[in-house]
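What follows is each chain in one-letter form.
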Amino acid sequence: MKLLKEKVLNEGIVLSDQVLKVDSFLNHQMDPILMKEVGREFTRRFEGEEITRVLTIESSGIAPGIMTALELEVPLIFARKQKSLTLREDILVEKVYSFTKQESNEITVAKKFMKPGDRVLIIDDFLANGEAAFGLARIVEQAGAEVVGIGIVIEKAFQPGGKLLKEKGYRVESLVRLAALKDGKVTFAEEEVN
Ligand code: G4P
Ligand code: NA
Ligand code: NA
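Residues numbered from 1 in each chain as written. Chains lettered and ligands numbered in written order. Predicted model: local features only at pLDDT ≥ 70, side-chain atom pairs only at ≥ 80, totals over all residues. Heavy atoms only, no water.

1. Points about the site of ligand 1
By nearness alone, 20 residues border ligand 1, and Leu20, Ser60, Lys81, Thr100 and Lys156 come closest of all. At 2.7 Å, a side-chain N or O of Lys81 approaches an oxygen atom of ligand 1. Measuring from an oxygen atom of ligand 1, one finds a backbone N or O atom of Glu131 at 3.0 Å. Starting from 710 Å² of accessible surface for ligand 1 in isolation, the protein chains cover 85%. (Near = heavy atom within 4 Å. Polar contact = N/O pair within 3.5 Å; in protein donor to acceptor, adjacent residues only side chain to side chain. Areas by Shrake-Rupley, 256 points an atom, 1.4 Å probe, with all protein chains shown as cover.)

2. Concerning helix H4 (residues 131–142)
The end-to-end C-alpha distance of H4 is 16 Å, a good match for the 16 Å that 12 residues give at a rise of 1.5 Å each. For H4, the complete set of buried residues consists of Ala133, Phe134, Gly135, Leu136, Ala137, Ile139 and Val140. At the C-terminal side of H4, Gly144 shows a positive phi close to 80°. (Helix = DSSP H or I, 4+ residues; strand = E, 2+ residues; numbered from the N terminus. Expected span 1.5 Å × (residues − 1). Buried < 20%, exposed > 50% of the residue type's maximum accessible area, 1.4 Å probe, protein only.)

3. Considering the UniProt feature "binding site: xanthine" (unreviewed entry) in the chain
The sites that carry the UniProt feature "binding site: xanthine" (unreviewed entry) are, in the present numbering, Leu20, Asn27 and Lys156. Narrowing the list just given to those that line the largest pocket leaves Leu20, Asn27 and Lys156. The residue Asn27 is located in the loop between strand E2 (20–21) and helix H2 (32–45) in this model. The class of Asn27 is partly exposed, set by a relative accessible area of 32%. With respect to the element layout, Lys156 can be found in strand E8 (residues 146–156). (UniProt positions renumbered as here; feature names shortened; annotations may be inferred. 1 Å grid on protein atoms, 1.4 Å probe; cavity = no way out; pocket = protein on both sides within 12 Å on 5 of 7 lines; lining within 4 Å.)

4. A look at the confidence of the model for the chain
Confidence in the prediction of the chain, expressed as mean pLDDT, is 95, and 97% of residues score 70 or more. Per the prediction output, this complex has pTM 0.96; the corresponding ipTM is 0.95. (pLDDT = per-residue confidence, 0-100.)

5. A short note on the nonpolar core
Counting 31 residues, the largest nonpolar core has Leu4, Val8, Leu20, Leu26, Ile154, Leu178 and Val186 as its most contacted members. Excluding anything up to four places from it in sequence, Leu178 contacts Val8, Leu20, Ile154, Glu155, Lys156, Ala157, Phe158, Val186, Thr187, Phe188 and Ala189. Within the second largest apolar cluster, 26 residues are counted, among which are Ala79, Val96, Leu127 and Ala133. (Core = buried A, V, L, I, M, F, W, Y, C linked by side-chain atoms within 4.5 Å. Contact = heavy atoms within 4.5 Å.)

Written as structure tokens, this is what we have:
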């Protein structure tokens, strides 16, 4: 996605070989024009999939998630993160470990918002090790619903998440894929030349 690539190049800050800071358009200040395009692009890529719900995780997944849900005209659900939880009957719970933050969260979705028969598109801002995406997929499967695919705004293709998700049979659509963050510079993966 050209507009997104330009944003990454012009505004992304390479914090280390592992981390790209994008707080001017995605993680703190958000660019609504860009998010609108993101929603359109995911909708185009998943056309014909008869999606009934978009699922993301708070907080940075909500902007791309809501714009995609708006375009698809279906509800957006954002999973909530909690440190730990007393189990309750009316919620779906999965554990998600973050290598980046070295902490584990429980993510939850109310059962009433996801049912067998739902066709769910998972959206997130970043894909690194894939822990969040796998956790969201397990939530969908717990509900007896189906994961149609996983839409990612920025995939760090040098980390294993994308490969692992595809190996498990999930369709992953990333709007940009980063091959490396080296010497303060962003390199895009080969297939992202458009
Ligand atoms: P994973 O789900 O793919 O395994 O990723 P990981 O646990 O490492 O990600 C932890 C948090 O860090 C996530 O945000 C994720 O979006 C974010 N993240 C991972 N890599 C990068 C990066 O290179 N740049 C930026 N800006 N963020 C990255 P979160 O904790 O869920 O926070 P929130 O922003 O959604 O509230
Ligand atoms: Na996120
Ligand atoms: Na984030």
